[in-house]
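The primary structure of each chain is shown beneath.
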Amino acid sequence: MGLGVGWTLHGDGRTPAPGAVVKPDERLSWPRTVGLGAQHVVAMFGASFVAPVLMGLDPNLAIMMSGVATVLFLLATRGRIPSYLGCSLSFVGVAAAIRAQGGGSAAVTGAILVVGGVLLLSGLAVRTFGARIIHAAMPPVVTGAVVMLIGFNLAPVTAGTYWPADQWTALLTMLLTGAAVVCLRGFWSRVAIFLGLVFGYAVSWAFDRVFGKIHSIDGSGRVTDHWRLDLSGVTKADWIGLPSLHGPTFHWSAVLVALPVVIALIAENAGHVKAVGEMIGDPLDDQLGTAIAADGAATMISTSVGGPANTTYSENIGVMAATRVYSTAAYWAAAGFALLFGLCPKFGAVVAAVPGGVLGGITVILYGMIGLLGAQIWVHNKVDLRNPLNLVPVAAGVIIGVGGVSLKIGHNFELGGIALGTIVVLLGHHVLRALAPAHLKRQEPLLDAGTSGYDDKRPTQL
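Summarised in this report is the structure supplied together with it. By convention here, each chain's residues receive numbers from 1 onward along its written sequence. For a predicted model such as this one, the threshold for reporting local features is a pLDDT of at least 70, and the threshold for listing and counting side-chain atom pairs is 80 or more; totals across whole chains, interfaces and linings nevertheless cover every residue. Heavy atoms throughout the structure, all of them, feed into the side-chain values; hydrogens and water do not.

1. Topic: helix H8 (residues 155-162)
Only protein chains enter the accessibility calculation, which uses a 1.4 Å probe. A residue is then buried if its area is under 20% of the maximum for its type, exposed if over 50%, and partly exposed in between. Comment: elements are numbered from the N terminus, with helices defined as DSSP H or I runs of at least four residues and strands as E runs of at least two. Along H8, the residues classified as buried are Val157, Thr158 and Tyr162. Down the axis of H8, the buried set is contained in an arc of 95 degrees. They therefore lie on one face. Among the exposed residues of H8, those oriented more than 90 degrees off its buried face are Pro156 and Ala159. To be clear, the arc concerns the directions from the helix axis to the C-beta atoms.

Here is the structure:
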């Protein structure tokens with residue numbers, strides 16, 4: 001397909017034929033394709049737009065760079081993998097940890113830029129040597145533990161910052177969001193977090209009218225009287241304008257905190273690529289390395305101007321599964337919408353005005369779901385935690401990561417939290433495996449079920 005920008009019309013251009021799917025190199029009519037692109041942007045709103053707010057980054061720049069990242073990804077994969085790249089939630093804990101150490105936005109984006117570089121190199125290595133190099137270094141027991149500690153490390157942020165801002169709004173938002181996730185079906189279940197945000201906005205506005213100002217912690221971290229929903233920034237914002245940019249700065253302490261996220265991103269990419277390949281009936285094994293490398297390159301471009309990391313999103317895979325439309329034309333449309341949103345400061349101001357109590361209710365569920373994805377990796381790959389070879393490094397690493405245990409090395413360097421927990425899990429597993437008696441060793445499954453077909457196949461060249 002060349003650059004993957006040529007599409008043939010599927011059937012009558014209205015709906016997929018019975019039992020058929022609209023493949024990546026096909027499309028429906030342009031009005032329907034554009035509508036599907038808008039739907040994809042809405043589907044990732046809840047997570048991808050909330051993430052930059054939680055990280056203290058410009059939401060306008062985040063959505064703009066997600067459009068740029070999506071274009072880069074579609075070109076790199078030659079249109080074979082339909083996917084939208086949004087702001088990764090895996091870095092929310094990293095940003096919180098770096099800011100707790102005194103780092104600013106430049107330090108956060110600098111650390112993530114380095115992670116993007118490592119991800120790019122990892123993708124190139126997979127293209128050259130095959131996916132088994134990933135399986136050997138990061139078996140399911142390691143991957144699951146790292147994903148778990150990244151998610152659960154965020155619990156103090158919710159408990160100490162967002163929930164106390166307005167506990168009753170947080171509680172109501174949590175209940176509505178949870179009910180939406182469980183009870184709704186199809187597209188609406190995919191935008192449950194977005195619905196929770198809208199509901200939280202409405203509750204905050206109503207509580208301000210009924211009860212007046214609240215005495216609690218505000219966005220600056222001070223305990224004071226303030227409105228739950230402050231839209232003054234929206235009023236002042238322009239309709240059209242460029243987002244604010246800044247360059248990255250690099251600090252070893254920040255980089256070490258961020259590097260473990262590489263493991264989570266590789267696992268996430270592998271699962272997404274396999275899932276899409278199965279749904280469209282076109283094995284994409286040869287594209288895993290390219291997809292990982294494209295994510296890394298997109299992240300480096302975004303963070304070089306002050307944006308967040310970008311990665312593939314499961315919300316959009318869910319939309320594709322529900323609509324049976326896998327046309328990359330829809331993702332080009334989605335990228336176009338993202339670029340337009342990024343040029344509207346008023347839109348970014350609305351996102352940035354999310355009340356703290358609303359974030360409290362959403363993050364209780366969201367952070368927990370991130371952590372439990374690690375447990376899902378264990379269950380899916382039948383990791384035996386009764387085996388001390390698995391149990392010991394995981395137990396130590398997760399407690400270190402979740403509890404914020406630190407290790408001081410000299411006067412000016414300290415390892416702790418996510419970074420130290422990951423090192424303990426990763427090195428602990430491999431060192432103990434080398435020393436363990438034979439009866440404790442057994443063949444591990446591959447990284448996850450989404451990569452079981454890759455083996456040593458050499459990817460085709462771009």
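2. With respect to the packing of aromatic side chains
Planes of paired rings set the category: under 30 degrees apart is stacked, over 60 is edge-to-face and the rest tilted, where pairs are Phe, Tyr or Trp rings (Trp by its six-membered ring) whose centres lie within 6.5 Å. One pass over the structure, following the stated rule, counts three aromatic pairs. Between tryptophan 7 and tryptophan 30, the ring centres sit 5.9 Å apart and the planes meet at 85 degrees, which makes this aromatic pair edge-to-face. Here tryptophan 7, found in the segment before strand E1 (8-9), pairs with tryptophan 30, found in helix H1 (residues 30-43); they are 23 residues apart in sequence, far enough to count as distant. Between phenylalanine 207 and phenylalanine 211 the ring centres are 5.4 Å apart and the planes differ by 75 degrees, which places this aromatic pair in the edge-to-face class.

3. Concerning the packing of helix H7 (residues 140-152) against helix H14 (residues 261-280)
One can describe the packing of H7 onto H14 by two numbers: an axis separation of 9 Å at closest approach and a directional angle of 115 degrees. On the basis of the axis angle, H7 is roughly perpendicular to H14. Handedness of the crossing formed by H7 with H14: left-handed. The segment H7 lies against H14, with Thr143, Val146, Val147 and Ile150 engaging Val261, Ile263, Ala264 and Ala267. As a working rule, the residues Ala, Val, Leu, Ile, Met, Phe, Trp, Tyr, Cys and Pro are called nonpolar, Asp, Glu, Lys and Arg charged, and the rest polar, with Gly in that last group. Here the residues of the contact of H7 with H14 sort into seven nonpolar, one polar and no charged. Lines fitted to C-alpha atoms define the axes, with helix axes restricted to the stretch in contact, and inter-axis angles between N-to-C directions lie between 0 and 180 degrees. Working definition: roughly parallel below 35 degrees, roughly antiparallel above 145 degrees, roughly perpendicular at 65 to 115 degrees, and oblique for all remaining angles. Two helices that cross are described as forming a left-handed crossing if the nearer one is turned anticlockwise from the farther one by less than a right angle, and a right-handed crossing if clockwise. Only heavy atoms enter the contact rule, under which two residues are in contact if any of them lie within 4.5 Å.

These figures capture arrangement, not role.
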